[in-house]
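So you can see what is in the structure, the chains are spelled out below.
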Amino acid sequence: MNTDMKRKTPASAEPVIEPAILEEAKRSLATDRAETDRAVPVAKCSVCGSEASPNPVEQLCWVCRRLKISAWRDVESQAPAQE
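Participant: When you look at the pattern of salt bridges in this model, what are you seeing that I'm missing?
Facilitator: Applying the stated criterion to the full structure yields two salt bridges. For the salt bridge of Glu58 with Arg65, the shortest nitrogen-to-oxygen distance reads 3.2 Å. Exposure remark for Glu58: the relative accessible area of 18% places this residue in the buried category. A salt bridge links Lys68 to Glu58, with the nearest nitrogen and oxygen atoms 2.8 Å apart. Linking Lys68 in helix α2 (residues 62-82) with Glu58 in the loop between β2 (51-52) and α2, this pair joins segments that are ten residues apart in sequence. Overall, Lys68 belongs to the partly exposed group, its relative accessible area being 29%. Put simply, Glu58, Arg65 and Lys68 are held in one network by salt bridges that share partners.

Participant: Looking at this structure, I do not really get the environment of Val47. What am I missing?
Facilitator: Assignment of secondary structure puts Val47 in the loop between β1 (43-44) and β2. On a C-alpha basis, the gap between Val47 and Cys64 in space is 7.1 Å, while along the polypeptide they are 17 residues apart. In this view, Val47 contacts Leu60 and Cys64; residues no more than four positions away in its chain are not counted.

Parameters at a glance
- Residues numbered from 1 in each chain as written.
- Predicted model: local features only at pLDDT ≥ 70, side-chain atom pairs only at ≥ 80, totals over all residues.
- Heavy atoms only, no water.
- Salt bridge = Lys/Arg side-chain N within 4 Å of Asp/Glu carboxyl O.
- Buried < 20%, exposed > 50% of the residue type's maximum accessible area, 1.4 Å probe, protein only.
- Helix = DSSP H or I, 4+ residues; strand = E, 2+ residues; numbered from the N terminus.
- Contact = heavy atoms within 4.5 Å.

So this is what it looks like as structure tokens:
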């Protein structure tokens, strides 16, 4: 068995997408990203400072939010045991 097999290159090297269409798509994507970056300011997590959801009430990243929910569940499960 020969382990030095190489992939065959296609016989024709024609582009799958026309270069003009590809360039237009790249320009469109760049303008969409620029508009999105300007339109939505990035909120910072009040605990760790990473990117957070733009919720004005609770500015937490997804990790800190999950930790908060987990801590609430732990407190609720321990409260009846203490009584």
